Amino acid sequence: MKSKSLVTGAPAAEPMRILVVGARVIGSVYAGGLLEAGHHIVMLARGERLADLRAHGLVLEDAESGHRTRLPVPAVEAPGAGERYDLVLVPVRAGQLAAALPMLAGMTDGSDVLFFGNTAGRSGALTGPLGERTLFGFPAAGGIRQGPVIRYVLIRQQKTTLSEPGGARSDRVRRLQAVFSGAGFPAVITANIDGWLLGHAAFIVPIAFALYRDSTDAARLARDRDTLRLMVQATRQAFQALRAAGDTEIPANLNVLYLRMPEAFAVWYWRRVLASPHGELWLAAHSRAAPEEMTSLGQELQAAVHRAERPVPALDAPLSPVATGRVAG
């Protein structure tokens, strides 16, 4: 039976050579879409994941439809000497960025490097070693890995976000927007990636810490009305503080959900999401795998909202030293 394609748009006119550094969920999903759109993809992986890619290829399963795609893809442990790429896509966790930098800086092919994840507060440290090669972005997918299979969902409510370090709408970032959109990942460009990431953190951090309170069990959190209410209040307070500080990068859909709709509606919405398979695939799986990243992101967010001198008690409670120490431990 023919597998369902990830591609929903037209292929980009000029195929790119892309090295994907990190072959977990996000790297695999985007590699699959880009590969099917006609781009030349090489995946960099290690250990068991490298062995799976070489033995089985890239295996992607749409968790909503159940359709499975199996794609042959070159997989390497390190960039090959003399290999040249147009783009290096780096969808690794925040704690892995420092380890990846020496390898990226050592590549002399002039490739652009797109850091594709939570880089809030790290843009200067990442841009320094790479200079003008640097780009930033954030994905719109989630999922889990089960052996060689990546079970994924595309997050329709969120678009793939791209940015130049200085916020310019350059030719290269507009080309990348076309490349991702043509591969089935609708993309937008932001002039302020740090502000966008803070807005994203303001809704994802309270969700993560609510999940930690309920043992990262999405279905259990869906039944925990008190924690859901505190979670929604934390994001509402954080958004209000960020807006007071001049952050205009809060996505429009989240602005409506948290600041225009009644609190009870937001609680109802998240109860439905968390009780569905999306609760695990969008939210719980990543929160479970990255407590240190969520703690660090929470600290960045807390510092930003406190600069606005607005009270955020619902956010401060789960991010207290006692609470974050319990999560990290």
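Residues numbered from 1 in each chain as written. Predicted model: local features only at pLDDT ≥ 70, side-chain atom pairs only at ≥ 80, totals over all residues. Heavy atoms only, no water.

Colleague: Explain the sheet that holds strand S1 (residues 17-21) to me, please; I cannot follow it from the model alone.
Modeller: Whenever strands of a sheet pair, they do so through backbone hydrogen bonds, lying parallel or antiparallel. Strand order in the open sheet made by the eight strands is S5-S2-S1-S6-S7-S8-S11-S12, with mixed pairing throughout. The strands lining the two open edges of the sheet, one partner per strand, are strand S5 (75-76) and strand S12 (187-189). The strands touched by helix H5 (residues 171-182) are strand S6 (87-90), strand S7 (112-116), strand S8 (134-138), strand S11 (160-163) and S12; relative to S12, the strand with the most contacts, the crossing angle is about 165 degrees. Lying on the sheet, helix H6 (residues 193-213) is in contact with S8 and S11; it crosses S8 at an angle near 25 degrees. (Pairing = 2+ DSSP bridges. Helix = DSSP H or I, 4+ residues; strand = E, 2+ residues; numbered from the N terminus. Contact = heavy atoms within 4.5 Å. Axes fitted to C-alpha atoms, helices over the stretch in contact; angles between N-to-C directions.)

Colleague: Which parts of the structure should I look at to understand the packing of aromatic side chains?
Modeller: Aromatic ring pairs are reported here in terms of the distance separating the ring centres and the angle at which the planes meet. All told, the structure shown has 11 aromatic pairs when counted by the stated rule. Here phenylalanine 203 and tryptophan 270 contribute two aromatic rings whose centre-to-centre distance is 6.1 Å and whose plane-to-plane angle is 25 degrees, an arrangement assigned as stacked. Taken together, the residues phenylalanine 203 in helix H6 and tryptophan 270 in helix H10 (residues 263-275) connect sequence positions 67 residues apart. The same class applies to phenylalanine 203 and to tryptophan 270, which are both buried. A network of ring pairs unites the aromatic residues Tyr30, Phe116, Phe180 and Phe185 as a single cluster. (Phe/Tyr/Trp six-rings, centres within 6.5 Å; stacked < 30°, edge-to-face > 60°. Buried < 20%, exposed > 50% of the residue type's maximum accessible area, 1.4 Å probe, protein only.)

Colleague: Would you explain the nonpolar core in this entry?
Modeller: Generally speaking, a soluble globular protein has its nonpolar side chains buried in company with each other. Among the nonpolar cores identified, the biggest contains 74 residues, and Leu104, Phe115, Trp270, Leu274 and Leu283 are the most heavily contacted of them. Of the residues forming this core, the biggest block, 15 residues, is contributed by H6. Leave out the neighbours within four places in its chain, and leucine 274 touches Leu211, Ala218, Ala219, Leu221, Ala222, Leu228, Gly279 and Leu283. Counting 40 residues, the second-largest nonpolar core is a separate cluster that includes Ala37, Phe116, Leu135 and Ile189. (Core = buried A, V, L, I, M, F, W, Y, C linked by side-chain atoms within 4.5 Å.)

Scope: geometric values only; no functional claims are made or implied.
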